[in-house]
Amino acid sequence: MDAQALQTRFPQVHVDADAIYVQDGRVWTSAGISAGIDLALALVESDLGRPLALRIAHRLVLYLKRSGGQRQYSAELHAQTEENSLSGRLSKWLLERLDKSVSVDEMASALAVSSRTLHRQLIKETGRTPAAWLKRLRLESACRALANPELSLKQIAYRSGFGDEYNMRRTFHLELGVTPSEYRKRIGAGAAL
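The following refers to the structure shown. Positions within a chain are numbered from 1, following the residues in the order the chain's sequence is written. Note on the predicted model: pLDDT of at least 70 is required for a residue's local features to be given, and 80 or more for side-chain atom pairs to be given and counted; whole-chain, interface and lining totals, by contrast, use all residues. Neither water nor hydrogens contribute to the side-chain values; these are computed over all heavy atoms in the structure.

### Observations regarding the nonpolar core
Point 1. Grouped together as the largest cluster of nonpolar side chains are 15 residues, with contacts concentrated most on I156, M168, F172, L176 and Y183.
Point 2. Elements with a contribution of two residues or more to this core: α8 (130–145), α9 (153–159) and α10 (165–176).
Point 3. Here a strand is any run of E in DSSP of at least two residues, a helix any run of H or I of at least four, and the numbering for each starts at the N terminus. Counting residues per element, this core draws most heavily on α8, at four residues.
Point 4. Every residue pair with non-hydrogen atoms within 4.5 Å of one another is taken to be in contact. Not counting residues within four places of it along the chain, the set of residues in contact with I156 comprises A142, A145, L146, L151, M168 and R184.
Point 5. Membership of the second largest hydrophobic core comes to 13 residues, among which are L86, L98, W133 and L134. To qualify as a nonpolar core, a set must consist of buried Ala, Val, Leu, Ile, Met, Phe, Trp, Tyr and Cys residues joined through side-chain atoms within 4.5 Å. Three labels apply to residues, based on accessible area from a 1.4 Å probe with only protein chains included: buried if under 20% of the type maximum, exposed if over 50%, partly exposed otherwise in between.

This is the structure we're talking about:
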């Protein structure tokens, strides 16, 4: 969240805004509190070896190394904390329609704003276009559904609004850096992404 301010304040420092944690020589930094846990596991692995780090990660019900970086931002969590904002109201409306085809014009109409206003305001609030915001909500829905081993990837893709497995797989790869099957294996092993 503060990567740009950090870069501005310290222009001689290279800031990687998408990293969970960074090691540069003897200096280690993390992106936030949860990322600090990832950093601590990396330090244990570096100092005491992978087997101990894996045991600790297993005991804490974590991955030893999460894939992806800040891309793991939660659109639903944002909507809950900003429920009176345009993005919060849009999210609430969209969550009831994830399995349907929804145009930007329909989103704007539901919120009683122009498509242009919706686009501009959503980018200001979330950094995402309306279509990208819908895709993120669908991704999070699919992630939750993957915890249910009874549902096939085809069913999850349809229920989450991706239409087919190809679109869901492509979105997982772009947003999380893993396939839906890899994600399911990880959460099936008792970990959370």
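### Overview of the packing of aromatic side chains
Point 1. We call Phe, Tyr and Trp rings a pair once their centres come within 6.5 Å, taking the six-membered ring for Trp, and we label the pair stacked below 30 degrees between planes, edge-to-face above 60, and tilted otherwise. Taken as a whole, this structure holds one aromatic pair when the rule is applied.
Point 2. Ring plane angle 70° and centroid distance 5.8 Å describe the contact between F172 and Y183, whose orientation is recorded as edge-to-face. Here Y183 lies in helix α11 (residues 180–188) and F172 lies in helix α10, a separation of 11 residues in the sequence. For the pair formed by F172 and Y183, the shared burial category is buried.

### A closer look at the pattern of salt bridges
Point 1. Salt bridge, as applied in this entry: a Lys or Arg side-chain nitrogen positioned within 4 Å of an Asp or Glu carboxyl oxygen. Inspection of the entire model under this criterion finds five salt bridges.
Point 2. Taking the shortest distance from any N to any O, the salt bridge between E96 and R97 comes out at 3.5 Å.
Point 3. A salt bridge links R136 to E175; the nearest nitrogen and oxygen atoms lie 3.2 Å apart. Placement of the pair is R136 in helix α8 and E175 in helix α10, with a sequence separation of 39 residues. In terms of burial, R136 and E175 fall into one category: buried.
Point 4. Shared partners join several salt bridges into a network, and the residues in it are R128, R136, E140 and E175.

Treat this as a map of the structure, not an account of what it does.
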